[in-house]
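Listed here are the chains, written in short residue letters.
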Amino acid sequence: MKILSVNAGSSSLKFTLIELPEQEVIVSGTFEKIGISGSFYTIKYNGEKIKKESELKDHKDAVKILLDSLIELKIISSYDEISGVGHRLVHGGDKYTESVVIDDDVIKEVEKLIPLAPLHNPANLVGIRSFKEILPNTPMVAVFDTAFHQTMDKEEYLYAVPYSWYEKYGVRRYGFHGTSHRYISEKMFEYLGEHKKIINCHIGNGASICAIKDGKSIATSMGFTPIAGVIMGTRCGDIDLGLIPYVMSCENKTFEEVMTDLNKNSGMAALSGLSSDMRDVEDAYMQKDPRCITAINMYVKKIVDYIVMYNALLEGTDYITFTAGVGENSDIIRELVIKRLAFMNVKLNEEANTGLRGKFAQISAGDSSIKVMVVPTDEELMIAKDTYNLINN
Ligand code: ADP
């Protein structure tokens, strides 16, 4: 059965077509600059990458080209061969604790949640509507980034702010990257045959740490929005909010401008003064660039802070897992994190840690108090699996 896994952004649409239950990726691609001049798309199929410039007025154009390309490539012979479409949705509020089949009520609920994710949920909805128009009879499923974290305790998700903000407006920690954290949790369950206490470090351009017990999220570092927690590519992570009005007056900036700085011009980009891409910062770190040394040390320290905090919360941890762009590919970041945990007797197997490039592997030494693994994430597969499971029930 062919399932499309879709991630629609405001001017982009990413897709992966997966054969299930075999879990085989057939084709994937990205449509970019939708509704903007210079739009183009790329399709990866059979080890080849096809790039084409094409006017994409809106997401519907992208969906049509995507489906017609599948026919042209002889992957399908008619649209009916797409058995289901799974959509990534950023925010499910506290309404959705798991993935759901999309109907009119779900669309209404996701619309109601727009104030909580004003940039993402509208774009995700455009994706859903575009597919619904072109594939009106194909079942669709919504997979929420927040859903996995709905198992957190109140003590973990409340903020110490006026209680009415929570009651009236839903001000609380929601957490994100839930589809990835759940994928790692399920992968580890598959590998171990039982649930263990896991601290998963999803560190990519965006980054979050998650404490997982009995296959459930009990704490996570992102909060009401994805700006909170560890240091990211361009986001600041945890900061003292009191600096915001101060910078607004120093730089004569509006609140929105300062928030843009905190979301887009902070994190590793700001600390390094060089790049938001960890590869660039690491290169400069190796050449002993002082700002990049500080940047990487701060980045690592913040991850360690969360690991130590979650180790206490879990009352001991069995596994630390690394995933996403940095977690899967950066030997250096993993090594620096694990070395800072030496006081807890966590030990690295340096040889196992090198050159993994996204391979599933154990990287801790045999006598490490906590086992450490690299577990490549696959959010697209998770979305496709949820879709497959829901439409076959
Ligand atoms: P996103 O949050 O956008 O999904 P990814 O998980 O794809 O991000 O991670 C992208 C980031 O991973 C890049 O910005 C880069 O910093 C980092 N990265 C990718 N490859 C490497 C590598 N070989 N070494 C270090 N960092 C890497």
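Procedures and definitions
Residues numbered from 1 in each chain as written. Predicted model: local features only at pLDDT ≥ 70, side-chain atom pairs only at ≥ 80, totals over all residues. Heavy atoms only, no water. Near = heavy atom within 4 Å. Polar contact = N/O pair within 3.5 Å; in protein donor to acceptor, adjacent residues only side chain to side chain. Helix = DSSP H or I, 4+ residues; strand = E, 2+ residues; numbered from the N terminus. Nonpolar A, V, L, I, M, F, W, Y, C, P; charged D, E, K, R; others polar. Axes fitted to C-alpha atoms, helices over the stretch in contact; angles between N-to-C directions. Parallel < 35°, antiparallel > 145°, perpendicular 65-115°, else oblique. Left-handed = near helix turned anticlockwise from the far one by under 90°. Contact = heavy atoms within 4.5 Å. Pairing = 2+ DSSP bridges.

Draft legend 1. Highlighting the site of the ligand. In the region of the ligand, 13 residues are neighbours, and Asn205, Gly206, Asp277, Met278 and Gly325 sit closest. In the model, an oxygen atom of the ligand is placed 3.2 Å from a nitrogen or oxygen of the asparagine 205 main chain. Sorting the residues of the shell around the ligand by element identifies α10 (278-286) and α12 (324-329) as the ones contributing at least two each. Per-element tally for the shell around the ligand: the top contributor is α12, with four residues. Split by residue class, the shell around the ligand holds three nonpolar, six polar and four charged.

Draft legend 2. Local environment of unusual backbone geometry. With an omega of 10°, the peptide bond between leucine 20 and proline 21 qualifies as cis. Tracing the chain through its elements places proline 21 in the loop between β2 (13-19) and β3 (24-32). At lysine 288, a residue that is not glycine, the phi angle is positive and equals roughly 65°. By secondary structure assignment, the location of lysine 288 is in the loop between α10 and α11 (290-313).

Draft legend 3. Focus on the packing of helix α1 (residues 59-72) against helix α3 (residues 120-134). The interhelical angle for the contact between α1 and α3, taken along N-to-C directions, is 55°, at an axis separation of 9 Å. It follows from the interaxial angle that α1 and α3 lie oblique. When you trace α1 past α3, the crossing you get is right-handed. Of α3, the residues touching α1 (which contributes His59, Lys60, Val63, Lys64, Leu66 and Leu67) are Val126, Ser130, Phe131, Glu133 and Ile134.

Draft legend 4. Local environment of the sheet that holds strand β12 (residues 319-323). Read from one edge to the other, the open sheet built from six strands follows the order β11-β10-β9-β12-β14-β13, with strand pairing classed as mixed. At either end of the open sheet lies a strand with only one pairing partner, and these are β11 (216-220) and β13 (361-362). In this structure, strand β9 (residues 198-203) lies alongside strand β10 (residues 207-213), joined through six bridges in antiparallel fashion. Of the residues in β10, the one forming a bridge with isoleucine 203 is alanine 207. Here helix α6 (residues 178-192) sits on the sheet and contacts β9, β10, β11, β12, β13 and β14 (371-374); the angle it forms with β12, its principal contact strand, is near 125°.

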